[in-house]
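# Descriptive analysis of the structure
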Amino acid sequence: MRGLLVVNPRATTTSPRVVDVIVHAFSADIDLDVTVTTHRGHGISLGERARESGMDVVVTVGGDGVVNEVVNGMLSDGPGPDVPMLAPVPGGSANVFARSLGLPNDAVEATGAHLESLRDQRYRTIGLGKADDRWFLANAGLGIDAEIIAAMERHRARGRSATPLRYLTTTLNAYFRHTDRRHPALSLSRESGTGTESIEDAFFAFVQNTAPWTYLGNVPINPCPDASFDTGLDVFTLRRLRIATTLVAATRMLRGSGGWDARGGLVSWHDESMISARASRPVAFQVDGEGVGDVTEVNFRSIPNALRVVS
């Protein structure tokens, strides 16, 4: 078996010693090439190279950002039997995708789980999402969550670590000081059996391909607990962003209770094949925890059976 191991050296919980252990462990079972990402977008070209070279498996060591880039490279020509299997080893601050697959959040333990699956030839095929032309594995978002991610990226550029406490303080700062809580910019639409159904005057949109949406340390944040790799996309939004409504939403997301409806301004959709989002002004946008700038329009699609993952 031939494989490519891609390391993001800037990932939050990755260290040279841990990477060395992981490389040695996989090298015992796989004819392994090892490479390190050097700049944003590098993972895309590495994913393309892995597919073109006929690799059987690609191992990523890092967070959701490097996994997203590598997968976008592997799927640049669409799904197919020549796309390598993916084995994500968690090394970031949240590791939403790897943990959603049921992997341990410890990199060495996750490596052991992958090696056991590879020896037993165990894998599963999962559905992914697309935001226009960009693939996403776990989630995408428009509005306040993308604003928080952009702020966190500015913190990290100044050398500050992405801790759960910093995420919490950044979230509170974004909510109370930066996001516009008076003038909703978004409208969402989907096709139903009776035509097009819309949500107008929404403040943000969380689009999930799996559950949970993210983690605060070890605590799952779960606006759409029924989201799954085996179904379409789920979306959650608020049509009111007052403190009382936000507290109710936060409590239910922490409990993973779901069951949102338009009463009270909390709305969710489940198992959607396509969702369109429009904004009356540019709003922040993120894909798998990576900020991608401001947008005014995004079309989301669910693509079933898109990727094989070691599991």
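I will try to describe carefully the structure that is included in this document. (Residues numbered from 1 in each chain as written. Predicted model: local features only at pLDDT ≥ 70, side-chain atom pairs only at ≥ 80, totals over all residues. Heavy atoms only, no water.)

## Concerning the pairing of strand 7 (residues 139–142)
Where we set the bar: Exposure categories follow from relative accessible area, calculated using a 1.4 Å probe and restricted to protein chains: below 20% of the type maximum is buried, above 50% is exposed, and the middle band is partly exposed. Secondary structure elements are taken from DSSP: a helix is a run of H or I of four residues or more, a strand is a run of E of two residues or more, and numbering for both begins at the N terminus. Following DSSP output, two strands are said to pair if at least two bridges run between them.
Burial of the side chains of strand 7 extends over both faces: Asn139 and Gly141 are buried on one face and Ala140 and Leu142 on the other. In the sheet, strand 7 pairs with strand 10 (residues 205–208) via 4 bridges, with the strands oriented antiparallel. Of the residues in strand 10, the one forming a bridge with alanine 140 is valine 207. Where strand 7 and strand 15 (residues 274–287) come together, 3 bridges link them in antiparallel fashion.

## Some remarks on the packing of aromatic side chains
Inclusion rule: Each Phe, Tyr or Trp ring (for Trp, its six-membered ring) is paired with any other whose centre lies within 6.5 Å, and the angle between the two planes then decides the class: stacked below 30 degrees, edge-to-face above 60, tilted in between.
Counted according to the given criterion, the structure contains 8 aromatic pairs. Plain terms: the ring middles of phenylalanine 97 and phenylalanine 229 are 5.7 Å apart, the flat faces sit at 85° to each other, and that makes the pair edge-to-face. Taken as a pair, phenylalanine 97 in helix 4 (residues 96–100) and phenylalanine 229 in the loop between strand 12 (219–221) and strand 13 (233–238) lie far apart in primary sequence, 132 residues in all. For phenylalanine 229, a relative accessible area of 5% puts it in the buried group. Where phenylalanine 204 meets phenylalanine 236, the ring centres are 6.0 Å apart and the plane angle is 55°; that geometry is what we call tilted. With phenylalanine 204 in the loop between strand 9 (195–202) and strand 10 and phenylalanine 236 in strand 13, this residue pair connects regions lying 32 residues apart in the sequence. Under the relative-accessibility criterion, phenylalanine 204 is labelled buried at 4%.

## Focus: the side chain of arginine 99
So the rule is basically this: Here Asp and Glu are counted as negative and Lys and Arg as positive; His is not counted, and neither are the chain ends. Here, a salt bridge means any side-chain nitrogen of Lys or Arg that lies within 4 Å of a carboxyl oxygen of Asp or Glu. Two N or O atoms count as a polar contact when they lie within 3.5 Å, although within protein this holds only if one can serve as hydrogen donor and the other as acceptor, and sequence-adjacent residues are included solely when both atoms are side-chain atoms. Here, residues are in contact when the closest pair of their heavy atoms is within 4.5 Å.
Looking at the element boundaries, arginine 99 is found in helix 4. Although buried, arginine 99 forms no salt bridge, and the nearest oppositely charged side chain, aspartate 64, lies 8.0 Å from it. Separated by 3.3 Å, the side chain of arginine 99 and the backbone oxygen of glycine 217 make a polar contact. The residues touching arginine 99, leaving out its near neighbours within four places in the chain, are Ala94, Asn105, Tyr215, Gly217 and Asn218.

## Here's the deal with the packing of helix 6 (residues 144–157) against helix 7 (residues 164–178)
The following threshold applies: Each axis is a line fitted through C-alpha atoms, and for a helix only the stretch in contact is used; angles between axes span 0 to 180 degrees, taken between their N-to-C directions. Our angle categories are set so that under 35 degrees counts as roughly parallel, over 145 as roughly antiparallel, 65 to 115 as roughly perpendicular, and the remainder as oblique. The hand of a helix crossing depends on one turn: near helix anticlockwise from the far one by less than a right angle means left-handed, and clockwise means right-handed. In this classification, the charged set is Asp, Glu, Lys and Arg, the nonpolar set is Ala, Val, Leu, Ile, Met, Phe, Trp, Tyr, Cys and Pro, and all remaining amino acids, among them Gly, are polar.
The contact between helix 6 and helix 7 brings their axes to 9 Å, and the two run at 125°. On the basis of the axis angle, helix 6 is oblique to helix 7. Helix 6 and helix 7 meet at a crossing whose hand is right-handed. Listed contacts from helix 7 to Ile144, Ile148, Ala151, Met152 and His155 of helix 6 are Arg166, Tyr167, Thr170, Thr171, Ala174 and Tyr175. Partitioned by chemical class, the residues of the contact of helix 6 with helix 7 number 7 nonpolar, 3 polar and 1 charged.

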